[in-house]
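# Summary of the model geometry
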Amino acid sequence: MKKIVVATSGASGVGLAQKFINNLPKGYECHFIKTENSDIVNLKEGANVIMHEESDIAASIASGSFGVDMMAIIPTSMNTLAKISNAIADNLVCRAASVMIKERKTLLLAPREMPFSPIDLENMQKLSQIGVIIAPPILGYYAQIQTLEQMEDFLIGKWYDQLGIEHNLFQRWGE
Ligand SMILES: Cc1cc2nc3c(=O)[nH]c(=O)nc-3n(C[C@H](O)[C@H](O)[C@H](O)COP(=O)(O)O)c2cc1C
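Residues numbered from 1 in each chain as written. Predicted model: local features only at pLDDT ≥ 70, side-chain atom pairs only at ≥ 80, totals over all residues. Heavy atoms only, no water.

Attention now moves to unusual backbone geometry. The amide bond that connects Ile 74 to the next residue, Pro 75, takes the cis arrangement and shows omega of -10°. Looking at the element boundaries, Pro 75 is found in strand β4 (residues 70-76). Here the residue pair Met 114 and Pro 115 is connected by a cis peptide bond, since its omega of -5° sits within 30 degrees of zero. Here Pro 115 lies in the loop between β5 (106-111) and α4 (118-129). Its identity as a non-glycine residue notwithstanding, Ala 87 has a phi of 60°, on the positive side. Since its relative accessible area comes to 60%, Ala 87 is described here as exposed. Positioned with a positive phi, Arg 104 is a non-glycine residue whose angle comes to about 60°. Counting through the fold element by element, Arg 104 comes out in the loop between α3 (92-102) and β5. Among the residues examined, Arg 104 registers a relative accessible area of 72% and is labelled exposed. (Helix = DSSP H or I, 4+ residues; strand = E, 2+ residues; numbered from the N terminus. Buried < 20%, exposed > 50% of the residue type's maximum accessible area, 1.4 Å probe, protein only.)

This is how it looks when you write it as structure tokens:
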């Protein structure tokens with residue numbers, strides 16, 4: 001069983017995190033960090049979703065010894081991005097992310113802002129250079145997408161691809 005942490009932050013598109021978790025295949029123990037902004041995410045604690053509070057800095061996932069395999073922050077606010085890129089760990093989202101970085105584990109950020117400021121881009125470049133996956137929710141137009149739901153499936157599929165999670169959420173080019 002692989003351990004994955006999923007968190008949201010105060011950017012728009014929080015519902016994508018819900019869809020990301022709901023499409024996870026079997027074999028993943030999912031830890032969801034409930035933030036002030038996750039109120040619209042409707043997840044029930046089930047066999048494979050363990051809830052954590054953003055303020056619970058003593059949660060299992062705050063320690064490298066717990067052995068989390070991967071983490072995704074969907075969406076990532078510019079505030080959370082800036083904190084992570086400066087090793088600020090003042091809540092569970094930022095602490096769990098800094099654990100991924102120090103343990104050399106996979107961290108995926110989905111920054112959502114439009115347009116990005118030069119400071120946002122600098123923060124993304126810094127993180128990208130140390131192996132953090134910067135994967136904003138950018139629309140794709142080649143997978144015969146006709147609805148918003150299909151576009152969201154496409155985004156989630158692209159994130160799964162980056163994390164090595166198997167899926168069948170969109171038609172691949174050439175298929
Ligand atoms: C309606 C609304 C939408 C927002 N959308 C974004 C956004 O898309 N991206 C972003 O970086 N910040 C956005 N913000 C600002 C963040 O919520 C704000 O910077 C907050 O401090 C982020 O906190 P967090 O990083 O701890 O979640 C939005 C704020 C509001 C009220």
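Alright, that's what it looks like, and here's the rest.
Turning our eyes to something else, we now look at the pattern of salt bridges. Following the criterion strictly, the structure yields six salt bridges and no others. Salt-bridge contacts for Glu 113 lead to Arg 112; the nearest nitrogen and oxygen are separated by 3.6 Å. Take Glu 113: its relative accessible area is 34%, and that puts it in the partly exposed class. Classification of Arg 112 as partly exposed rests on a relative accessible area of 29%. Connected via shared salt-bridge partners are Lys 19, Glu 152 and Asp 153. (Salt bridge = Lys/Arg side-chain N within 4 Å of Asp/Glu carboxyl O.)

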